[in-house]
Amino acid sequence: MLNFTVGFFNEMMIRYHKSKLLYAVFFISLQACSFNEQVPSTGDAFLQGTWTEDSIPLKNQLVNYEQYQFKFTCDSFYLQINTHSKVNLYGGECYNTDTWSEYVKGTYTVVADTLKLNGAFVTQDYKYKPENSCYRFGKFEYDFLMQKKHQDTLQIKSKLQTLPHLIVLKERTSCKL
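Residues numbered from 1 in each chain as written. Predicted model: local features only at pLDDT ≥ 70, side-chain atom pairs only at ≥ 80, totals over all residues. Heavy atoms only, no water.

Colleague: Honestly, the state of the cysteines in this entry has me stumped. Any pointers?
Modeller: Disulfide: a covalent bond connecting the sulfur atoms of a pair of cysteines. For the structure shown, the criterion picks out two disulfides. Through a disulfide, C74 is tied to C175; the S-S separation comes to 2.0 Å. Classification of the bridge connecting C74 and C175 rests on its S-S torsion, roughly 100 degrees, and on that basis the disulfide is right-handed. One end of the pair, C74, is in the loop between β2 (64–73) and β3 (76–85); the other, C175, is in the segment after β8 (164–172), with 101 residues separating them in the sequence. Residue pairing for C94: its cysteine sulfur links by disulfide to C134, the two sulfurs lying 1.8 Å apart. Because the torsion about its S-S bond is -75 degrees, the bridge between C94 and C134 counts as left-handed. Separated by 40 residues along the polypeptide, C94 in the loop between β3 and β4 (99–111) and C134 in the loop between β5 (114–122) and β6 (139–150) bring together distant segments of the chain. Relative accessible area serves as the criterion here: at 33%, C134 is assigned to the partly exposed category. If one numbers only the bonded cysteines of the chain, in the order they occur, the disulfide pattern is 1-4, 2-3. (Disulfide = S-S within 2.5 Å. Helix = DSSP H or I, 4+ residues; strand = E, 2+ residues; numbered from the N terminus. Buried < 20%, exposed > 50% of the residue type's maximum accessible area, 1.4 Å probe, protein only.)

Pasting the structure below:
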């Protein structure tokens, strides 16, 4: 009986020390690990700033067109899309006016001659836009082919539309992380 009690006691002590060791390893590993902070990229230096599309060629002959205003900061973009339409092509009460504005924010990348925008439609103050609101909502993914015209002028053309957009740099900024 004594051998059984001593053996049982020794086995319990071994289990206790093993569990204590496991807890120690677990807590040490927790302190050694940390979440990686998402460090923003500095983006493309050429694009940093505010760009606007001042005029649309032959706009009086078009039934529908969009004018863009971009702001690029580091790897983020803020976009205001001003739509002009002579007819209600989209249906719904929201589109009964001749002009309206939509807003987008997200991140961008430049791959060769393509500006890739990945974001979401937002409100005028660039906050979350609920689904039941007017105009478009949800994801915004656009690719623009870029062609540099001058130091402060850039022609972009959406792969989804036929008209090119000539945007002009209004204010140069730099990325400050």
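Colleague: I keep staring at the pairing of β8 and nothing clicks. Help me out?
Modeller: Where a strand is regular, its side chains alternate between the two sheet faces. As defined by bridge partners, strand β1 (residues 49–52) adjoins β8 across four bridges and the pair is classed as antiparallel. Each bridged residue has a counterpart across the sheet, and for G49 the counterpart in β8 is R172. For strand β7 (residues 153–158) and β8, the ladder comprises five bridges, and the chain directions are antiparallel. Its bridge partner being in β8, L154 is matched across the sheet by I167. Connecting the antiparallel pair β7 and β8 is a turn made up of five residues. (Pairing = 2+ DSSP bridges.)

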